[in-house]
Structure formats: C-alpha cells, structure tokens
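As a plain string of letters, each chain reads:
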Amino acid sequence: MAPCSPLRADHESLDNPCGLAIFGSRLYVSDTGQHRICVLEDGKLRVHAGSGQRGSQNGSASEASFAHPCGIAVDEVGNLFVADCGNHTIRMVTPEGVVSTLAGSGESGLKDGVGTGASFANPCGLAISNDSDTLELYVTDYSNNAVRKIRRVSPDHFQVSTAAVGGALDTPYGIACGPVGEGGSVLVYVGCHNSSNLVSFSSPGGAPTVFAGCGRPGHVDGKGAAAAFNRPNGVAMDADGAVYVTDSGNHCVRHVTPDGVVCTLQSAHGAPSSVIVCDVGVRAALGGAACGGAGEAFEKEAGGAEVRLLVAARADCCVRMLPVAAYGADSALPSVGGAGGAGGHFGLVRRASRGQLLNLARLLGRAEALGPEEAEARQQAAAPPGAAARRRCMPAACSFAKAVAEQERQSTRRQTQDDCVICLSAFDDAQDVRLLRCSHIFHAACIDEWLERANSCPCCKADCRRVA
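Reading guide: rules and limits
Residues numbered from 1 in each chain as written. Predicted model: local features only at pLDDT ≥ 70, side-chain atom pairs only at ≥ 80, totals over all residues. Heavy atoms only, no water. Pairing = 2+ DSSP bridges. Helix = DSSP H or I, 4+ residues; strand = E, 2+ residues; numbered from the N terminus. Axes fitted to C-alpha atoms, helices over the stretch in contact; angles between N-to-C directions. Buried < 20%, exposed > 50% of the residue type's maximum accessible area, 1.4 Å probe, protein only. Core = buried A, V, L, I, M, F, W, Y, C linked by side-chain atoms within 4.5 Å. Contact = heavy atoms within 4.5 Å. pLDDT = per-residue confidence, 0-100. Salt bridge = Lys/Arg side-chain N within 4 Å of Asp/Glu carboxyl O.

Participant: Quick rundown of the sheet that holds strand β5 (residues 44-49)? Include the residues and the values.
Facilitator: Spatial ordering of the open sheet is given by β2-β3-β4-β5, a layout of four strands whose pairing is antiparallel. Of all the strands in the sheet, the pair left with one neighbour each is β2 (17-23) and β5. Along the sheet, successive strands turn relative to each other by an average axial angle of 30°, direction set aside.

This is how it looks when you write it as structure tokens:
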C-alpha cells in the first residue's frame, strides 16, 4: 500500500470514533469518546448533534446529549439512527440535528416492546434494511448476546423484537445486512468480539451460526473455520455480497467471500472499529477533506487508486480511506506479509511498547502525546471522583502465569486470552497483570488507566468496583 497523506480538519477533532454512515455528500461519524455525532461535508468537519457532555437529553443539536454513541446508520431521507451504548437506547437524529429516543427505556435489560417500552444492554452496532413498505433496523445488543430488530409500525412508533439470541452470538459488535430477499428474508452478518468469529443468520427465524472463524484470536486466512480473526469489530457488505471486517486486534481489514473464504486486504493500524463501502462518487464529494485529530487526520490513499472503503481507527482518532485491490474468483488471494498483494504490508500487527503502556492516555486517544511523568500527573488531576477508590478495589498485581493459574482454579474452562484487550500487546511474565472478578486479565497499567474513565470491565462490562 502506498503511503497515506494525512490532512487535518480545520476545526473539530475526533476521539475514539466507532461508527460511520454516508448520506449524499455527508459522512457521519460517531465521536464516541466525546459523546457526539460529527459530520464531514464540503471539506469541513463539524458537530452534527450532541453537547459533548455525557447524558441522555433529547432536543436540538446543541442541547441533546449521548453516552458513548457507537454504531450509526442512515435511512433514505437522511434520518440518522444511533446505538447510544452507554444509555442502552437507540436514538434518531434528523438532518437538522434534532435528537429523539427511538427505542429503549434507558435501563439495561432484554425486553421486547414498542419504543421506550423495550430495553437493551449496551447496543453497539446498527444496520438498516429497507423495502418498499417499511424500515427495519438490526442492532447488536452487546451485553445480551443478541441481535434485535426494530421495525417501524407507524410514523411515530417502532416495534422492538429479538431476531436472534445466544448460540454463536458472543458479545456481538459490528453488523451488516443484505437487501430484503424472497419472502422478506434478510441475510445478517455479525462480528463477535470475544469469540473472534464472524456469525451469520437469516432473519426472520434463522439460527446464528459461525460463518468464518475458529473461535479463538488469531490471524489466519482460509475458508470457514480454518480462518481466524482477532476481536472483529465493524462489518460491511457490498452489492456483490462480499463482506468486509475490521479485524481490530490484527489492525487490518479482512475480505470474506459469499462462500466464506477469508483473506487480508489491508493493514489498518490504530484499532479499526468500523468500516463502510463507498465509491468514487463519494470520494469526490468528500473532497479529500480532513477528519481526525491527535496528530493524524482523515487520510486518503496517495497513490491514486480507487477508494472503496472508509475505516474508523479508534486508537488513532481518525477515519481513513483505503483502496481494495481488484481480483476475481480465479485470482491469487493477497498473502499475509505483502508478497502476493498489490504492494505494501498486509496484516500488520502493531504491538505496544512498555513506554506506551505508561502513556496509555495517548494510546486510548484521550490526550496528546506526553512524557510518562506529565501524563501521570495530568491523568491523576483529571480523574473523576471515585477513580482512586476503584483502583483500591482492584486485586493485587501478579505475574501472568499466576493469573492464569488462578483463572483456571476459579473456572473449569479457561478463557483463551493471550493479549491484553486494551493495548493489544501479548502478556509477558515480566509485566504485572491483574485478574478481575469476571476472570478477564489485563496489564496492571492498562486496567488502572482504564478505570480513570470507566467502572466496567472492557470485555464483559462487569462492575469493576467490586472487590475481587
């Protein structure tokens, strides 16, 4: 891949972007870390809705508030739908930026119903399916291990039902669906974070099954269960039925054919979280404009290749344009290592150094790059009330080997976990780790920094304030 040319936005910057959607010449981005929705239009990045303060307020663009908005999707008239993960709700934003709550009571749960009579638990991904009569949204209900369907039953009322739950669905995150087929069936693809699988099912009525992936983190190209992902996040589908997956832990984009053959298309460093398919017309409308922050902005391919994918990179706080090398069914698939692809390095895995662990604020996109001492001082000064108390509730740091032994003692089935989910670095017995009450292991430095800003486990959302 040719080197990218970063271009910086004139005004706004992004923090942990997790969702993308296109409508006409507008690119919408869920600015998850700053609790707002941004839009790139005419070469300018601006806030479309959200005050920037965490909350659940409905109303005008500047009055409304979100809590870690994640997946987004847009309908044929420009209404934007938002998976408001921290509020356990689905929100709607008009083209003018007016925000309302479409579905969800705001309380975590698994309940079907109409509008706010339903409940979700950390909804993350959104996909939209249109037919001639009505609108349907598919939502990955992360902490319920479910996919929910929201169907418009009248202009102002939306029915929430459960399309699939349990089985192969293990912390579902990204989602994509094809057009409505015969009999009203819709093919749905879901990226499952913890199991590292790509799952598919037909709605209504189909049972979710593993379409590709071996059920454990890895980076292997192949067909079906012979392939391996590492915490897949975003999922997109093109007009030919091909699926694109942001393989977050492997820092790359994967291509999956309709018969389940997986190959690595592009390195996409920065913990890619979301992907959408676009075309040359969209690229021209965006004008190569900037969209990002933290030293890296909206990036385009400098080599002039046709751009097909837009990818949000959480850790680098930016959105990138990436080309897709054209190949047919008889062409050789790009190989890991770059020898068989259209140049560049495929499947690049970026590992965090020990120095980066000490400066985790920058890794998480929460602050500019600082020296370790200055970063620690700023983090302590900015820590919300209770952060120190949460750290005191943490189990004592220990070696990785000791944590694994304790994990196996607590459970008859060890959870396969060789990397820290926060920094994506492999565990080393020379580094201190912590085993949480929920049996997930993290580098001690990583989880301590995480708890400066959150109460829950990054993997399963369990309350970290309880003493292990």
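Participant: An account of the environment of Asn-16 is needed here, citing residue identities and associated values.
Facilitator: Considering the arrangement of structural elements, one finds Asn-16 in the loop between β1 (4-7) and β2. A relative accessible area of 17% means that Asn-16 is categorised as buried.

Participant: So what's going on with the sheet that holds strand β16 (residues 186-192)? Residues and values would help.
Facilitator: Reading across from one edge, β15-β16-β17-β18 is the order of the four strands in this open sheet, with antiparallel pairing throughout. Edge positions in the sheet fall to β15 (172-177) and β18 (209-212), since each of these pairs with one other strand and no more. Going across the sheet, the axis of each strand differs from the next one's by a mean of 35°, ignoring polarity. Sheet topology places strand β17 (residues 197-203) next to β18; three bridges connect them, and they run antiparallel. Paired with Val-199 across the bridge in β18 is Val-210.

Participant: Outline the nonpolar core, supporting the account with residue identities and numerical values.
Facilitator: Counting residues in each nonpolar core, the largest one holds 18 residues, and the members touching the most others are Val-433, Ile-441 and Phe-442. Contributing elements (two or more residues each) for this core: α6 (400-410), β28 (433-435), β29 (441-443) and α7 (444-450). Each residue touching Val-433, except ones within four places of it in the same chain, is listed here: Ala-396, Ala-397, Cys-398, Ser-399, Phe-400, Ala-403, Phe-427, Ile-441, Phe-442, His-443 and Ala-444. In this structure, Ala-83, Met-92, Ala-103 and Leu-137 belong to the second largest nonpolar core, which totals 16 residues.

Participant: So, the confidence of the model for the chain: which residues are in play, and what are the values?
Facilitator: For the chain, per-residue confidence averages 75 on the pLDDT scale, and 68% of positions sit at 70 or higher. Across residues 1-11 the pLDDT falls below 50, and counting only partners more than four positions away or on other chains, this stretch makes 40 contacts in the model.

Participant: For the pattern of salt bridges, give the residues involved together with the corresponding values.
Facilitator: Going through the model one piece at a time under the given rule, you end up with 10 salt bridges. For Arg-151, the salt bridge is made with Glu-136, and the minimal N-O distance between the two is 2.4 Å. Of this pair, Arg-151 sits in strand β13 (residues 146-154) while Glu-136 sits in strand β12 (residues 135-141), and the two are 15 residues apart along the sequence. Judged by relative accessible area, which is 34%, Arg-151 ranks as partly exposed. The closest approach of N and O atoms between Asp-141 and Arg-148, which form a salt bridge, is 2.8 Å.

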